[in-house]
Amino acid sequence: MNKNFLALGLAAALLAPQVAGAEGFAINEWSAEGVAMGGARMFAEDDAANVAYNPASITKVKGEVMKSSYTYLSPHGNYKLYDGAGKEIEDGKNVVHAGWAVGSYYVRQINDKEWFGIGAFPRFAMVSEFERASKASTNAFFSKLNGVSVTPTYAHKFDKKWSAAVGAEINYVGLELQKNLQMKMPVGTKIATIDGTTQIEGESYALGWNAAANYAFDDKNEIGVVYRSRIKHSLEADLKGYNTKPDLMGGGDVFGNAYGVVTLPDSWDIGYNHKFDKKTRLELKATRTNWSTYDALNVYFDKSLVGITGIAESSPSAKNWSNGWRYAIGLEHNFSDKYAAMAGFAFDESSIPYDGGDFMVPTGLRRTYSIGARYNDKKQTVAVALGWMDVGNLDFAGHATDAYKSAHAYDSFTKIASISYQRKF
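What counts and what doesn't
Residues numbered from 1 in each chain as written. Predicted model: local features only at pLDDT ≥ 70, side-chain atom pairs only at ≥ 80, totals over all residues. Heavy atoms only, no water. Helix = DSSP H or I, 4+ residues; strand = E, 2+ residues; numbered from the N terminus. Contact = heavy atoms within 4.5 Å. Areas by Shrake-Rupley, 256 points an atom, 1.4 Å probe, with all protein chains shown as cover. Core = buried A, V, L, I, M, F, W, Y, C linked by side-chain atoms within 4.5 Å. Buried < 20%, exposed > 50% of the residue type's maximum accessible area, 1.4 Å probe, protein only. Pairing = 2+ DSSP bridges. Salt bridge = Lys/Arg side-chain N within 4 Å of Asp/Glu carboxyl O. Patch = residues over 30% accessible without salt bridge, like charges linked within 9 Å, V, L, I, M, F, W, Y side chains within 5 Å. pLDDT = per-residue confidence, 0-100. Phe/Tyr/Trp six-rings, centres within 6.5 Å; stacked < 30°, edge-to-face > 60°.

J.: Tell me about the overall build of the protein chain, and name the residues and values.
T.: Helix and strand content of the protein chain: four helices and 21 strands. Expressed as a percentage of contacts within the protein chain between residues at least 6 apart in sequence, the contacts between residues at least 24 apart total 69%. Accessible surface, the protein chain: about 19000 Å² in total, of which carbon and sulfur atoms supply 58%.

J.: Let's hear about the nonpolar core: which residues, and what values?
T.: Counting residues in hydrophobic clusters, the biggest one holds 34 residues, and the most contacted among them are W30, I58, Y105, V107 and W115. Those elements giving two or more residues to this core turn out to be α2 (32-36), α3 (50-53), β1 (64-82), β3 (99-109), β4 (114-121) and β19 (380-391). At four residues, β19 tops the list of elements feeding residues into this core. Aside from chain neighbours lying at most four places away, what touches I58 is N50, V51, V107, W115, F116, G117, T153 and A155. Grouped together as the second largest cluster of nonpolar side chains are 30 residues, F124, W321, M360 and A407 included.

J.: An account of the pairing of strand β9 (residues 221-228) is requested, with residue identities and associated values reported.
T.: Extensive coverage of β9 is indicated by the burial of six of its eight residues. Sheet analysis places β9 next to strand β12 (residues 267-275), joined by eight bridges and oriented antiparallel. In the strand pairing of β12, V226 is matched with D269.

J.: So, unusual backbone geometry: which residues are in play, and what are the values?
T.: For D46, which is not glycine, the phi torsion reads 55 degrees and is therefore positive. As for its placement among the helices and strands, D46 is situated in the loop between α2 and α3. Despite not being glycine, D411 shows a phi value in the positive range, around 50 degrees. With respect to the helices and strands, the residue D411 is situated in strand β21 (residues 406-424).

J.: So what's going on with the pattern of salt bridges? Residues and values would help.
T.: Following the criterion strictly, the structure yields 17 salt bridges and no others. As a salt-bridge pair, E332 and R41 come within 3.7 Å of each other at their nearest N and O atoms. You can see E332 sitting in strand β16 (residues 324-334) and its partner R41 sitting in the loop between α2 and α3, a full 291 residues away along the chain. R41 shares its class with E332; the two are buried. The residue D348 makes a salt bridge to R326 at a minimum N-O spacing of 3.2 Å. Residue D348 is found in strand β17 (residues 339-348), and its partner R326 is found in strand β16; the two are separated by 22 residues along the sequence. A relative accessible area of 8% means that R326 is categorised as buried. Because the salt bridges share partners, they merge into one network encompassing E33, R41, D47, K67, R281, E283, E332 and R374.

J.: Outline a nonpolar patch on the surface, listing residues and values.
T.: A surface patch of nonpolar side chains, about 600 Å² in accessible area, is lined by Y70, Y72, W100, V382, V384, I419 and Y421. At the level of elements, β1, β19 and β21 are the ones that each hand at least two residues to the nonpolar patch. The class of Y421 is partly exposed, set by a relative accessible area of 36%.

J.: Help me get a handle on the pairing of β1, residues and values and all.
T.: Sheet topology note: the β1/β3 ladder contains 10 bridges and is antiparallel. Bridging across to β3, L73 finds its partner in G99. In this sheet, β21 lies alongside β1 in antiparallel orientation, the contact comprising 17 bridges. Paired with Y72 across the two strands is A417, which belongs to β21. Across five bridges, β1 lies against strand β2 (residues 88-93) in antiparallel orientation. Bridge pairing links K80 to D91 in β2. Hairpin connection of β1 to β2: five residues between the antiparallel strands, including G86 at a positive phi of 85 degrees.

J.: Just give me the short version of the environment of R423, but keep the residues and values in it.
T.: By the element assignment, R423 lies in strand β21. A relative accessible area of 33% means that R423 is categorised as partly exposed. Look past the residues within four positions of R423 in its chain and what remains in contact with it is E64, V65, M66, K379 and Q380.

J.: Can you tell me about the confidence of the model for the protein chain, naming the residues and giving the values?
T.: For the protein chain, the mean per-residue pLDDT works out to 84, and 84% of the residues sit at or above 70. Mean pLDDT values for the elements of the protein chain range from 42 in helix α1 (residues 2-15) up to 98 in β9. Segment residues 1-23: pLDDT under 50, and 63 contacts once partners within four positions in sequence are set aside and those in other chains are kept. Contacts for the low-pLDDT stretch residues 306-310, under 50 throughout, to residues beyond four places or in other chains number eight contacts.

J.: Account for the packing of aromatic side chains, naming residues and giving values.
T.: Tallied over the entire structure, the rule returns 20 aromatic pairs. Ring centres of Y79 and F359 lie 5.2 Å apart, and the angle between their planes is 75 degrees; on these two criteria the pair is classed as edge-to-face. Of this pair, Y79 sits in strand β1 while F359 is found in the loop between β17 and β18 (366-376), placing the two residues 280 residues apart along the sequence. Neither residue differs from the other here; Y79 and F359 are each classed as buried. With centroids separated by 5.0 Å and ring planes inclined at 50 degrees, the aromatic side chains of Y172 and Y205 adopt a geometry described as tilted. A residue pair is termed long-range when its members are at least 10 positions apart, and Y172 in strand β7 (residues 162-187) and Y205 in strand β8 (residues 190-216) qualify at 33 residues.

If you want it as structure tokens, here you go:
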């Protein structure tokens, strides 16, 4: 029977739909309990989602468990655009484009010292959309990054104080970018503005790894650290270009291939857990993400396209993000053996510089407030959570092909709702 459950667990983790989206880039919403505690959930007892939050803590799982989590994220926001003289030329808002962060987890205790776990959850994802007739659309009117990480993990408990884990990460990204073009080109003795639309769509798989360790000082105090490696993607994509004035540009629509290289950042999680008593505990967590690996999003075109009017060898876009920190605090209180409540707060620094911002990820610093509740019996656990992410303002410069010189994103927020179900065998 255990073999059947193992096969079922692997299938659930690998085949569950992993659609993600939010007005951000890094995803931390991997379970309802994790949402409720602001992401500070590195030391949970009997929780299969430890595969995501802290692989070394799967040693706290007894027996065999499976878990599924569904988190709904609904971003909202406004923006203003300015010309070179600082005059406002457009006031608009994003198209509400909600997304889902889906997590699937399986953990099995092999013996008193060894555990196996596997998870499928999004670490990086985003979606943003703006009105196609807006000036913002010359930068990006639709951007989507679907991502999922599959993480087979082995954990070992050395003694009552030490536990550690190591795992592989199979990372998938699917990227779609759409924008309008406004190119000024000579037509006879005059300069004409040529409008067009481009769409770039592609996907990539890449490998990474992670490692984690926990140390318990005593029955009440514990620390942990998790490292996740950087992952380099070489993305091959289909390019579609739609020309509104083929008679002026000497051709019609364009179809071809493009490619680019993007390195997703490595990160460190450092956590501390304190149990006040058998009912109440507090977690603190700090995450260092090395966003400086996202230095550019350069797109290169194949030779068959280079030379067509309006298409150069590449489309460079410098980002030069800076490394940043995320801080979280989470509180969990058990009213009884079956019912518990949770609350959390998280603060994310903004890593986006003025010259590296765009409408793909128009977010500043983020403050997330959250609450949740959990019911559990001997076989199953159900948890729900609600969150409110207050997204700070962001100012960024326009690019040479944009119909504005600078932009200001403001009054942005994201609604969050999550539910998780876990079954023990």
